[in-house]
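Next come the chains, spelled out residue by residue.
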Amino acid sequence: MIRFFLIEDDAVVRRMLERIIADSGLGEIVGQASDGNRVSIDQLYGVDVVLIDLLMPGLDGIQTIKKLQAEGFTGRFIMVSQVENKEMIGEAYLQGIDTFIQKPINRLEVISVLRRVSDYLTLEASLQSIRKSLQILDVKGKEQPASGLKKPSSDEESLAQKARQLLLQLGIASEAGAHDLLVIMGWLAQNEREVDKLRDLQLKELYTQILTKLHGNLDEQALTKEVRAMEQRIRRMVLQAFTHLSSLGLTDYANPTFEHFAPRLFDFQEIRQRMQELEAGEKTTKCRISVKKFLSVFYMEAKAI
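Residues numbered from 1 in each chain as written. Predicted model: local features only at pLDDT ≥ 70, side-chain atom pairs only at ≥ 80, totals over all residues. Heavy atoms only, no water.

Caption draft 1: Quick peek at the UniProt feature "modified residue: 4-aspartylphosphate" (unreviewed entry) in the protein chain. The residues that UniProt annotates with the feature "modified residue: 4-aspartylphosphate" (unreviewed entry) are Asp53. Considering the arrangement of structural elements, one finds Asp53 in strand 3 (residues 49-53). A relative accessible area of 4% means that Asp53 is categorised as buried. Leave out the neighbours within four places in its chain, and Asp53 touches Ile7, Glu8, Asp9, Gly61, Met79, Val80, Ser81 and Lys103. (UniProt positions renumbered as here; feature names shortened; annotations may be inferred. Helix = DSSP H or I, 4+ residues; strand = E, 2+ residues; numbered from the N terminus. Buried < 20%, exposed > 50% of the residue type's maximum accessible area, 1.4 Å probe, protein only. Contact = heavy atoms within 4.5 Å.)

Below, the structure is given as structure tokens:
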């Protein structure tokens, strides 16, 4: 659940945003202010996202952002405005806002923007979790110099960020398997010679190697359970990417995301079949999906960005 804070001089707009956020289940509003002079860093403890108006009496949105950042706030900002002045919008982006919500308030736009920010924060938390896991493994590796995962290099950090971009582009950033995929990408980056072996390597073997290095001394039963859970999460995520791309193609065959990724990540004949299934209203699919192909191509695509 995202914790929001509203800074908006229009009480009607505040009530609308509060109602939309509450109804969508995307988070909760933990505080409000009518202008930038009425909010301080102390009020933003634990806040993830500040929704802030651009034009307000007293301190405007940009001045308020500068003030809060100077006081130490490190959360995200979403600007709420009907301003179309490109210079002002550019200044807001330079100051660090993530995105805009246009006035007058549109419920679907608000939900779409907040969901996108939610996906980003989820991925960011996943990356933090991965970094902690790798740091723990690095400490263990110094005590026992076995071939475990190393602390991520700057190149590996960059790869993780690129993988996160791909997850968002493929519509699977909020899937449970997204965290697993980022872990796999980190492992492949540290063991790049294994990428060429993915075609011959059993996926259960790959998952077992990664989970063994992540969790250490798991007994056989617990390890088998973890491998099965990872396998299921990854497959559900890949299926979601498959369906998402097929849906894009059904809506717009010239969609650049569809044109680029559909024939690379999947067998295009299967994509065409899934499009036909979606057109017929079929929720399940009879298509065959290669998870190994998806993983290897996803890795190469992330590196190529």
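Caption draft 2: Examining the packing of helix 9 (residues 256-265) against helix 11 (residues 291-304) more closely. Between helix 9 and helix 11, the least distance of the axes is 9 Å, while the angle of their chain directions is 135°. On the basis of their axis angle, the class for helix 9 and helix 11 is oblique. Two secondary-structure elements touch here, helix 9 through His260, Phe261, Pro263, Arg264 and Leu265 and helix 11 through Lys293, Phe294, Val297, Phe298 and Glu301. Along the lines of polarity and charge, the residues of the contact of helix 9 with helix 11 split into six nonpolar, one polar and three charged. (Axes fitted to C-alpha atoms, helices over the stretch in contact; angles between N-to-C directions. Parallel < 35°, antiparallel > 145°, perpendicular 65-115°, else oblique. Nonpolar A, V, L, I, M, F, W, Y, C, P; charged D, E, K, R; others polar.)

Caption draft 3: Representation of the pairing of strand 3. With five of five residues buried, strand 3 lies mostly within the body of the structure. A two-sided burial pattern is seen for strand 3, the buried positions comprising Val49, Leu51 and Asp53 on one face and Val50 and Ile52 on the other. In the sheet, strand 1 (residues 2-7) pairs with strand 3 via four bridges, with the strands oriented parallel. The partner of Leu6 across the bridge, within strand 3, is Leu51. Taken together, the five bridges between strand 3 and strand 4 (residues 76-81) define a ladder with parallel strand orientation. Within strand 4, the residue paired with Ile52 across the bridge is Met79. After leaving strand 3, the chain enters helix 2 (residues 61-71) and then returns to the sheet as strand 4, a path that is right-handed. (Pairing = 2+ DSSP bridges. Right-handed = clockwise from strand over helix to strand, strands pointing away.)

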